[in-house]
Structures are given as structure tokens and as C-alpha cells.
Amino acid sequence: MEKILSKKGGEKIILLGNEAIVRGALESGVNFVSTYPGTPASEIGNVFYRIAKTAGVYFEFSTNEKVALEVGIGASFSGLKTLVAMKNFGLNVCLEALMPFVYTGSKGPTVIIVADDPSCHSSAQSEENTRSMDNLVHIPILEPSDPQECLDFVKLGFKISEKFSIPVMVRTTTRVAHQKMPVKTSALKESSSKKGLFIKDVRRFVTLPPRVLEMKKELFEKIEKIRIVSETLIKEEKGRQEIGIVTSGVSYLYVKEALSGLKLDLPVLKLVFSYPLAEKRIKSFIKGLKKVLIVEELEAHLEKEVERLAKQANCKLEVFGKNLLPVVGELKPEYVMKAVSKITGKAYRLKKAELKILKRSPQLCPGCPYWLVINAVKKAVDVNKVVFGGEIGCYMLFGNSPINLQDYLSCMGSSVGIAHGIKKSTSQKLITFVGDSSFFHSGIPALVNTVFNKSNPLIIILNNETTAMTGHQPHPVSSGAKTDINIEKLVRACGVKHAKTIDPVNQQEFIDTVKEFLEKDEVSVIISKHPCKFVIPKK
Amino acid sequence: MRKKAEQFNMMIVGTGGQGLITLLQIISEAAVLEGYDIKTSELHGLSQRGGSVEVHIRFGKKIFSPMVAQGKADLVLALEEQEALNGLYFSNPKTIFLINQFIVPIPLKKSLSEAEILLQLKKETKNIHLVPADKICQEKLGNSVVSGVYLISLAAFNNFMPLSSLSIQKAIKKLMPERYLELNLKAFELAKKN
């Protein structure tokens, strides 16, 4: 029996932030969960995949985050309590679906988890600050600091969503999602699979002009009502100085650590909602202060808001933030300690300059079938005369020495579109690698475009029957998925004439096919089919 | 009865796939059994593919940050010799280094010699314990996979951390899947004898 499914309440169990999110959803009586795996959010899906049946919850790994959200919107419109989880880049993918969903609002209460990854521990393409979505999307954003708050804020999110019929975002970061602590649980409701009902309501679910602008007004009205909740829930800790700190998320923990380490008693204001902002409370907090330090990761987001509010509440206030803390990379406790020491004059010296003595890069596992692909490609072509494309998955490690088969790397599904652009712009040979899960995620439209607009890259789809990099989640053609989808047939149906499925164990065939296809005047596709060594074949 | 630590900061450094997260779980569980508040931080995903990995474990009366601050580690457990150098960011002259005498080569790089590694560490602290845990577990138990469990047990028996060996043993029993339990308990017992 999984501890996360324990019916009893009042226990304290050690949970990872992501596990606490699952528990919070279960305690809220979630009915429907969808996700696309992405670190640091992956364990949310992994845990639901394991327990959904026992818990009486519908769960799916969708083909991408946009689909996951759309599926969730459908469940919410049908009245089900819905959770959708993704990493930050997934939000970019589903933004198109999210914006109208905030207009229509949710019917079944809906919480969307988005995990940022400051310092890009598990992210290749960019370092994102999802909090910046606030004024674009107008979705309420809750920011937990630790696993206990992950559980509590997911429950709070469902309550807010239920009360105001609006989806609520819970935004975590790596150090929250992958933080562990003893978490206090509440009782689980008796699980029962719930059937929803879609009740027609055109005014509510159809965002057609001119109705869409009325919806926007209604959205702003909701936000102002939620702002009142935000004002009451913000956490203020009194202090005895005229120097204060405003913070949120994991940064709050570093603030507490710094204050206890430096033996300081400063007032601290900790946000629960980073949107809508508790403006009144922030104004009253900064009113009596001489200096305020904003402790936040990445861009000066909250700092700008506080500067704006200070103009109304306390124009003499000195606002500190990104002049003392980094804009790039995650915060560390010692950075906050130093910043606090600087504005208070309390001595703190960093022990020594930052030293990073050893950096060992990740590598493809020994026994990975991709080694066979690399070997065949290197034997088939002069690598200096071919451009190599890559994208997100284990095969992005092709960029590391000694492999060096990656001349560009961007987001999921992008390598085919970029390949087409390069082919149209140059007369160079090009081979691009696309993972199986990436291909289904967003590679197919780009492949169709290549056929439609006619260029001739060689696309090698790496089918290892799993979404390996994020922890071996299933996808449409993974073993056990039980679909009739066949990548070669799909590719051929897209109009690709030169397509071949090869097990890279057959090196000579692979080498010969790379040579042959690279000379074609039309797009060609090799599907390399060999399971990841961690895939256990289903009997 | 041992005096309770106000705060204990531990780093485990190694390479992806060496089982750092399992060790983190055992120590966290043991700390909770002894009534401590705990916070930990770990990394998943890209960092697991054989790259340098570090996990943070903090316990005490009340713990806020999941990350150990620079220079604040009480114990650095290195599951690989070269990775021990990554512990230096977190160490101070009082820090104990418990190091597995085991080298995982870095592709395309010449491995650092043990003498070079020790030279650098000795500039910082005298408390360096180099233990051939992989070799011991391979010889005595026929499997080096439990070298990490052997080392944390050793840390408990030698009072390198304020947790009793009994709590570590209880945590191993609670967390290990049945088919691996016996081997892990043997590693624990082996640490007792050495």
C-alpha cells in the first residue's frame, strides 16, 4: 500500500514536493488528471500513473502539454475536478489553449501545475520565469515554498477554482518540487470514479466575439474578487526594524535561514498568490519602512511591482533586489544571507570565492541503442560536411564530446521545422534526430510541412519505445501502449516516400540507408527501432 | 542518550546512478525517527545520466532551507573520489569527509590521482576518511551496489552524524524493497564490524 494513498489523516509522512501535490489533489477529491512528462514536474504523472486505478482517478499521459490541457478543459467543462501538470516549457506549448480557458473559466474545479527550473538543472532550452505570465494570462498563481505548502496550496487552488470558476495555477521550482520534508496530511475521501456531464452553455464555453470581450471583463471582475482573498492569505511576520523583506516561493526559506543565521528580527511579507497581488497589504507593509529587500529568483518581477506600489505608499522607500541578487540562475541560501547582511550592515563573509572544481557531464547510458545509431551515422557520412539537428530527449546528449553530432538544439519538435528552413536556405546536407515522444509531441506538423513545402532533410526518428529522459513514461507506440499506431505508416501517410524502419543492430543496413536517403531529392525518414535498455518487454 | 543536534548539514556527492536518492531517503527517515525536523533537496532528470550529482540533507530542531549553505556542511559523503572535490564548496575546516575509494573515469579526461585529490582536500580539513567501500562490499558481500548503505552505516557507527545506527537500521528496514533488504542489512552489519 502506497503511503500517499493512506486514508487516515493527521499523519506526517516524508514527501517530495511533487508527491505532496499528488496528495493535495487526492485530498481535494480530484477526478481527472492529465500531463506530459517534464522535469521537474515528472513525478506528479509518475505517481498518478501508479496509483490512479486504486485511487479511482482517471489519468493519462497526453501526447503533449497543449493536448493535456485541452483534455483537462474537456473534463472541467464536464464538471470533473481536474489537475493538469507540466514543466514551464509545457506552458509555452499550451498557452494558446490556456488563455481562452481563463476567459471561459472552469466548471469542474481545475488546478494547473507548472514547474520552473531556475539554473536549468534539467532544462536545455531556456531559463523561464512563469510568474511573468500573470499580466498576460490573468490566471491566479499560487507559489508554495515547501512540500507542506505544495499540498496545502493545491487544496487552496481547488477551493478558489470552485468558488470563482477559474483555473488556478500552482507554480513550483526545482527546489520546491524536489524538496522533501515531513508533510502533515488530512483524511482522504472515499474514492469513486465519477462520471461527468457536459451541459450545453454557449454563453459560457464559446469564446466568439463579441462575447469574448464581455468574458474578459468578467475575468477582471473575478480577479479583483480573488485579490481580496490574496490580501487575507498573505503571510506577514512582524519584526523590530525599519528594514523589511518581501518574498515568495522557495526564496522565503532562504530568507528565514538568513535571518536565523544572522540573528536578525526583520519584518517579512510572504506572498501566497503571486497573482493577483495583495496590493493593499504590500502598501501597508512598506509604509513604515526605510528599506525593503525583495528576495525572488530570476527576473525582477515582484521588485517592479513593489517599486510601483512604493510610489503610492512610501516614495522615500529604498527598494533593493536585483542590485544584490542574481537575475540568472537559482538563489542559494548564502546569496540571500549576503544580501540581507548588506542592507542591514550585519557582518557576513562568504567563506571563499565560488569554486567549481569538477564538472562531469551526463552521458548516454552504456548499452543505449543510440550508440548504434551514432556509430552508423559516423560511418555513413563525413560529419564535417553534414549539418546535424537535435532536440529534447536523451539524444540531446549527442551534443556532448565525444559524440558531437548536434549543430543546433531548440525545443521539442522543432528540429524538423528548423531542418526545413536550413534546407530551403542552403544547399547543405542535413540529418536531424527526433525522439519518438518528441515526434508525437510536435514533430508531425513540421514533417507534413516539409512534404507540403518540399525540402529534403533526412529525419532519423529514434524509437526506443519510451519517454526515457524524464523517467520512462509511456507514449503512443511504447510497449504496452496497445495502439495500432505505426510510425512508418504514419510517416508514409504524411506523404513521405522514402521511409524505412531499421533496428540499428543491423549496422550495415543502417549505414547503407543513411547514404542512400541523404542523396534523395525529397524528405526521407529512418525509424530507428530498438528499445531503451530500461524498457522491460510486456509479456 | 546522545545530545540532540541543533542543526546538522550533510552533502552526498557522487555520479548519477550511484543511488544518492536512496541514501537521502534512509537518512531522512532515520532523522525523522529521532524526532528531527528535516529538509532535503535532490535533482532528477538530466542530472541522472552519469553526471555529477549532489543531494542536500539537513536536520535539526527547525529547518527552513532545503539546501546546505556554502561552507556549512558538517559531513560530506563522497561516493566517488573525484566528486569529493565538489564537496569543498560546502565544507569548512571542521567538516568530515567520508570518501568511497572508488574512481569513475570522466570521458576524455585523465582521472585525478588520489594524491592530487587528497592534497586539495587537506588544504581544507584534517577530517578525511578514505574507505574502499566498493571493494569491501564486493569482497565480503559479492556486490558493490550496497557501498553507499555501507558508508552511511559506517558514518552512524563512527558518530560522523548525530543519528544512531539503530535508527539507520530501522530506516533501511522500512524503505528497502524485500528482495534487496537482506543484502542491505548485511552491508549495515558489515559496517558495524569495521
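The structure presented is a predicted model; accordingly, all values stated were derived computationally and were not measured. (Residues numbered from 1 in each chain as written. Chains lettered and ligands numbered in written order. Predicted model: local features only at pLDDT ≥ 70, side-chain atom pairs only at ≥ 80, totals over all residues.)

1. Looking at the overall build of chain A
Rule in force here: Helix and strand definitions here come from DSSP, where helices need a minimum of 4 consecutive H or I residues and strands a minimum of 2 consecutive E residues; each element is numbered from the N-terminal end. Radius of gyration: over C-alpha atoms. The globule rule applied is 2.2 Å multiplied by the number of residues raised to the 0.38 power. Three exposure classes are used, based on other C-beta atoms lying within 10 Å of a residue's own C-beta, which is placed from the backbone: buried for 20 or more, exposed for 12 or fewer, and partly exposed in between. The contact rule is simple: place each C-beta atom from the backbone, and if two of them lie within 7 Å, those residues are in contact.
On a plain count of helices and strands, chain A comes out with 18 helices and 20 strands. Against the globule reference of 24 Å for 539 residues, chain A gives a C-alpha radius of gyration of 25 Å, in line with a compact fold. Here chain A, with 539 residues, has 51% of them falling under the buried criterion. Counting only contacts in chain A whose residues sit at least 6 apart along the sequence, the fraction spanning at least 24 positions is 79%.

2. Concerning the nonpolar core
The nonpolar side chains of soluble globular proteins are, as a tendency, buried together. The cut-off we apply is this: Defined on buried residues, the nonpolar core groups Ala, Val, Leu, Ile, Met, Phe, Trp, Tyr and Cys residues joined through C-beta atoms within 7 Å. These domain boundaries are the output of an automatic or database domain assignment.
Counting residues in each nonpolar core, the largest one holds 162 residues, and the members touching the most others are Ile113(A) and Leu77(B). In terms of domain composition, this core takes at least three residues from each of domain 1 (3-233) and domain 2 (236-344) of chain A. Those residues in contact with Leu77(B), other than ones at most four positions away along the chain, are Met10(B), Ile12(B), Leu98(B), Leu151(B), Ile152(B) and Ala155(B). Judged by nonpolar contacts, the second largest core, of 47 residues, contains Met396(A), Leu405(A), Ile459(A) and Phe510(A).

3. A short note on the interface of chain B and chain A
Where we set the bar: Charged means Asp, Glu, Lys or Arg here, nonpolar means Ala, Val, Leu, Ile, Met, Phe, Trp, Tyr, Cys or Pro, and polar covers whatever is left, Gly included. Strands were regarded as paired on the criterion that DSSP finds at least two bridges between them.
In this complex, chain B contributes 36 residues to the contact, which on the side of chain A involves 37 residues. Listed by contribution, the elements that provide at least two residues to the side of chain B that touches chain A are helix 1 (20-33) and strand 2 (37-41) of chain B. Among the elements that take part in the side of chain B that touches chain A, strand 2 of chain B stands out by supplying 4 residues, more than any other. Classifying every residue of the side of chain B that touches chain A by side-chain character gives 14 nonpolar, 17 polar and 5 charged. Here strand 8 (residues 179-184) of chain A pairs with strand 2 of chain B via 2 bridges, running antiparallel. Across the sheet, Lys180(A) pairs through a bridge with Thr40(B), a residue of strand 2 of chain B.

4. What to know about the pairing of strand 20 (residues 524-529) of chain A
All names here are of chain A. In plain terms, the rule: For the handedness criterion, the strands are oriented away from the viewer, and a crossover whose path from the first strand over the helix to the second runs clockwise is classed as right-handed.
The element strand 20 is extensively covered by neighbouring structure, given that 6 of its 6 residues are classed as buried. Because side chains alternate across strand 20, one face comprises the buried residues Ser524, Ile526 and Ser528, and the other comprises Val525, Ile527 and Lys529, equally buried. By the bridge criterion, 6 bridges tie strand 18 (residues 458-463) to strand 20 in an arrangement that is parallel. Across the sheet, residue leucine 462 finds its bridge partner in strand 20, namely serine 528. Bridging between strand 19 (residues 498-502) and strand 20 involves 5 bridges; their strand directions are parallel. Bridge pairing in strand 20 links lysine 500 to isoleucine 526. Since strand 19 and strand 20 lie parallel, the crossover through helix 18 (residues 507-518) that links them has a hand, and here it is right-handed.

5. Concerning the confidence of the model for chain B
Operational definition: pLDDT is a residue-level measure of predictor confidence that goes from 0 to 100.
Summarising the model, chain B shows a mean pLDDT of 94, and 96% of its residues fall at 70 or more. Confidence estimates for the predicted assembly give a pTM of 0.96 and an ipTM of 0.96.

6. Things to note about the domain arrangement of chain A
All names here are of chain A. Each assigned domain of chain A is listed with its residue range as follows: domain 1 (3-233), domain 2 (236-344) and domain 3 (370-529). Here the C-alpha centroids of domain 1 and domain 3 sit 33 Å apart. Contacts between the two partners involve 12 residues from domain 1, matched on the other side by 15 residues from domain 3. Here the side of domain 1 that touches domain 3 is composed, by residue class, of 4 nonpolar, 8 polar and no charged.

7. Digging into the sheet that holds strand 12 (residues 273-275) of chain A
All names here are of chain A. Quick note on the threshold: Note on definitions: angles span 0 to 180 degrees between N-to-C directions of axes, and those axes are lines fitted to C-alpha atoms, for helices only across the stretch in contact.
Reading across from one edge, 3-2-4-5-7-6-12 is the order of the 7 strands in this open sheet, with mixed pairing throughout. Strand pairing shows two members of the sheet lacking a second neighbour, strand 3 (58-61) and strand 12, which therefore form its edges. In this structure, strand 2 (residues 32-35) lies alongside strand 3, joined through 4 bridges in parallel fashion. Bridged to phenylalanine 32 within strand 3 is tyrosine 58. Lying over the sheet, helix 2 (residues 42-55) contacts strand 2, strand 3, strand 4 (82-87) and strand 5 (110-116), oriented at roughly 135 degrees with respect to strand 3. Strands strand 4 and strand 5 of the sheet are contacted by helix 4 (residues 88-104), whose axis makes an angle of about 115 degrees with strand 4.

8. As for the sheet that holds strand 10 (residues 243-247) of chain A
All names here are of chain A. In spatial order, the strands read 9-11-10-13-14; together these 5 strands make up an open sheet with mixed pairing. Looking at the sheet topology across the chains shown, the edges are occupied by strand 9 (235-237) and strand 14 (318-320). Strand-to-strand, the axes of this sheet are offset by a mean angle of 15 degrees, without reference to chain direction. Note: strand 9 against strand 11 (residues 268-270), 3 bridges, orientation antiparallel.

9. So, helix 11 (residues 279-287) of chain A
Residue and element names in this part refer to chain A. The condition that has to hold: Within this analysis, the arc is defined by the directions that extend from the helix axis to the C-beta atoms.
Of the positions making up helix 11, those classed as buried are Ile282, Phe285 and Ile286. Around the axis of helix 11, the buried residues are gathered within 90 degrees of arc, so they sit on the same side. Tucked inside the fold, the buried residues of helix 11 contact strand 9, strand 10, strand 11, strand 13 (291-295) and helix 12 (302-313).

10. Details of the environment of Ile73(A)
Residue and element names in this part refer to chain A. Looking at the secondary structure, you find isoleucine 73 in helix 3 (residues 65-77). Overall, isoleucine 73 belongs to the buried group, with 25 C-beta atoms counted inside 10 Å. In this structure the C-alpha to C-alpha distance between isoleucine 73 and glutamate 11, which are 62 residues apart in sequence, comes to 33 Å. Contacts of isoleucine 73, omitting those with residues within four sequence positions, involve Ala97 and Phe101.

11. Remarks on the environment of Val111(A)
All names here are of chain A. In this fold, valine 111 is placed in strand 5. Along the backbone, valine 111 and glutamate 488 are 377 residues apart, and their C-alpha atoms lie at a distance of 37 Å. Contacts of valine 111, omitting those with residues within four sequence positions, involve Leu83, Val154, Gly157, Phe158, Ser161, Val168 and Val170.

12. Description of the environment of Glu214(A)
Locating Glu214(A) in the fold gives a position in helix 9 (residues 211-233). Taking the C-beta count within 10 Å as the criterion, Glu214(A) has 12 such neighbours and is therefore assigned exposed.

13. Quick notes on the packing of helix 15 (residues 414-425) of chain A against helix 16 (residues 436-453) of chain A
Residue and element names in this part refer to chain A. So the rule is basically this: Our angle categories are set so that under 35 degrees counts as roughly parallel, over 145 as roughly antiparallel, 65 to 115 as roughly perpendicular, and the remainder as oblique. Take the far helix as the reference: if the near one is turned anticlockwise from it by less than a right angle, the crossing is left-handed, and if turned clockwise, right-handed.
For the pair helix 15 and helix 16, the least separation of the axes is 7 Å and the interaxial angle reads 20 degrees. The orientation of helix 15 with respect to helix 16, classified from their angle, is roughly parallel. At the point where helix 15 passes helix 16, the crossing takes the left-handed sense. Listed contacts from helix 16 to Val416, Gly417 and His420 of helix 15 are Gly443, Ala446, Leu447, Asn449, Thr450 and Asn453. Residue composition of the contact of helix 15 with helix 16, by class: 3 nonpolar, 6 polar and no charged.

14. Some remarks on unusual backbone geometry
Residues and elements named next belong to chain A. Of the consecutive residues threonine 39 and proline 40, the connecting peptide bond is found in the cis state with omega at 15 degrees. Position of proline 40 relative to the elements: it lies in the loop between strand 2 and helix 2. A positive phi is found at leucine 298, a non-glycine position, where the angle reads about 65 degrees. As for its placement among the helices and strands, leucine 298 is situated in the loop between strand 13 and helix 12.

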